[in-house]
Amino acid sequence: MTGVRRVVPLTLGYVDLPAYVLEQGAPADEIRAPIPGVLLECDGGWLLLDTGFNTALVTDPALRRRFHGDRALRPVIPGPGEPLDEALERAGLGIAEIRAVAVSHLHWDHAGGLRHFAGRVPVHAQRAEYEYATQPGPEPAEHGMFRVDYDDPAIDWRFAAGDTELAPGVTAVLTAGHTPGHQSFVVDLAGGGGLVFAFDAANTTSGCEHEIPGGLIGVTLEEGAAQIRKLKRLAAERGYQLVPGHDPVAWPALAKALAG
Ligand SMILES: [Zn+2]
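Residues numbered from 1 in each chain as written. Predicted model: local features only at pLDDT ≥ 70, side-chain atom pairs only at ≥ 80, totals over all residues. Heavy atoms only, no water.

Visitor: Would you take a moment to explain the environment of R147 for this structure?
Guide: Tracing the chain through its elements places R147 in helix 7 (residues 147–150). A residue is classified by how much of its surface remains accessible, and R147, at 38% relative accessible area, is partly exposed. The spacing of R147 and H210 is 63 residues in sequence and 33 Å in space, taken between C-alpha atoms. Here R147 is in contact with A133, T134 and Q135, once residues within four sequence places are set aside. (Helix = DSSP H or I, 4+ residues; strand = E, 2+ residues; numbered from the N terminus. Buried < 20%, exposed > 50% of the residue type's maximum accessible area, 1.4 Å probe, protein only. Contact = heavy atoms within 4.5 Å.)

Put into structure tokens, the structure is as follows:
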């Protein structure tokens, strides 16, 4: 069977935020959630799912004030250097080895690393996500999409409209709701088995269990829950693990389980 040979979950930083941002109705207690990325070794080379945040918008005082000044979500840089470089180094890879990128959606904590890839490799996204994120007016920014992260003419976009195979063993699945063109990913492993990466369609283990999403744009809570049920069904049919996007326990546990 053809499929993905290696899966390496990355932690590209953290975000401090109230728990209810990740699961509607959860308490206001502050939690520190990991910012996820995933490296997939496919036929044709390494594919990176999601890119973390834009470090300059955190470290430069004026940019931080402009983009993160009065928000309830506060980014945390994990180490002394550029988070993506450090995470790749831990995985024993250089950025030049990444042959393609796919973004689940264009929120600041997922699209902020696209600047590493502009003019270099193809970037997969849903067309509906790009169209929402580049509409005129303040709405995208009010919903956590920072145009500076993704509105770059040097980005080699490859847009999809719905479920699409990105590489042998990697299928993007439209899970619109968290954002209008959010996508999750079904990963078939070459050795059998696989994983379903929900990203922000289902942020936490509890959110998966109780079918409760976090933030939604333009849909009802029930419509957001339907996307979680879709992912649970896809995972159950295949016997794959469903991985939530920002769980403080499940994400590092997966990284540990897949290491070595
Ligand atoms: Zn998001």
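Visitor: Honestly, the coordination of the zinc ion in this entry has me stumped. Any pointers?
Guide: In an ideal octahedron of six donors the angles at the metal are 90 or 180 degrees, and in an ideal tetrahedron of four donors they are 109.5 degrees. Looking at the metal site, the zinc ion is ligated by H105 (NE2), H107 (ND1), H178 (NE2) and D200 (OD), spaced 2.2 Å from it. Taken together, the four donor atoms surrounding the zinc ion define angles of 87 to 178° at the centre, an arrangement classified as irregular. Ordering the donors of the zinc ion by residue number gives the pattern H-x1-H-x70-H-x21-D. Note that H107 is positioned in the loop between strand 5 (98–102) and helix 4 (108–111) and H178 in the loop between strand 9 (170–174) and strand 10 (183–188), a separation of 71 residues in sequence. Take H107 and H178: they sit in the same class, and that class is buried. (Donors = N, O, S within 2.8 Å, 3.2 Å for Na, K, Ca; no water. Tetrahedral: all angles 85-135°; square planar, octahedral: opposite > 155°, others 65-115°.)

Visitor: Help me understand the pattern of salt bridges in this model?
Guide: Oppositely charged side chains are able to pair whenever their charged atoms sit close together. Enumeration according to the criterion identifies 10 salt bridges in this entry. Between D156 and R158 there is a salt bridge, with the nearest N and O atoms lying 2.7 Å from each other. Judged by its relative accessible area of 30%, D156 is partly exposed. When its relative accessible area of 38% is taken as the criterion, R158 is described as partly exposed. One salt bridge in this structure joins E211 and R229, with 3.1 Å as the shortest N-O distance. Residue E211 is found in the loop between helix 8 (205–210) and helix 9 (221–238), and its partner R229 is found in helix 9; the two are separated by 18 residues along the sequence. On the accessibility criterion, E211 (24% relative accessible area) is partly exposed. It is possible to trace a salt-bridge network through shared partners that takes in E211, E222, R229 and K232. (Salt bridge = Lys/Arg side-chain N within 4 Å of Asp/Glu carboxyl O.)

Visitor: Before we go on, may I ask you to explain the nonpolar core in this structure?
Guide: One recurring pattern in soluble globular proteins: nonpolar side chains tend to sit buried together. The biggest cluster of nonpolar side chains holds 42 residues, and the ones touching the most others in it are L39, L114 and W157. The element best represented in this core is strand 1 (residues 6–18), accounting for five residues. Leaving out residues up to four positions away in the same chain, W157 has contacts with V103, L106, L114, V123, A125, Y130 and Y150. V7, L49, V243 and W251 belong to the second largest nonpolar core, which has 21 residues in total. (Core = buried A, V, L, I, M, F, W, Y, C linked by side-chain atoms within 4.5 Å.)

Visitor: Sorry if this is basic, but what is going on with the sheet that holds strand 1 here?
Guide: Think of a sheet as strands paired side by side through backbone hydrogen bonds, with each pair either parallel or antiparallel. Pairing within the open sheet is mixed, and its seven strands lie in the order 4-1-2-3-5-6-7. The sheet is open, and its two edges are formed by strand 4 (74–76) and strand 7 (156–160), each paired on a single side. Each strand of the sheet is rotated relative to its neighbour by a mean of 25°, with strand direction disregarded. Of the strand pairs in this sheet, strand 1 and strand 2 (residues 30–42) are connected by 11 bridges, and their pairing is antiparallel. Across the sheet, the residue bridging to L10 is G37, located in strand 2. With respect to the sheet, helix 3 (residues 83–90) is in contact with strand 1, strand 2, strand 3 (45–49) and strand 5, its orientation differing from that of strand 1 by roughly 145°. On the sheet, helix 10 (residues 250–258) packs against strand 1 and strand 2 and is oriented at approximately 160° with respect to strand 1. (Pairing = 2+ DSSP bridges. Axes fitted to C-alpha atoms, helices over the stretch in contact; angles between N-to-C directions.)

Visitor: What am I meant to see in unusual backbone geometry here?
Guide: Excluding glycine, residues mostly carry a negative phi; peptide bonds, for their part, are mostly trans. Even without being a glycine, F199 presents a positive backbone phi close to 50°. Inspection of the secondary structure puts F199 in strand 11 (residues 194–199). Unusually for a residue other than glycine, E211 sits at a positive phi of about 55°.

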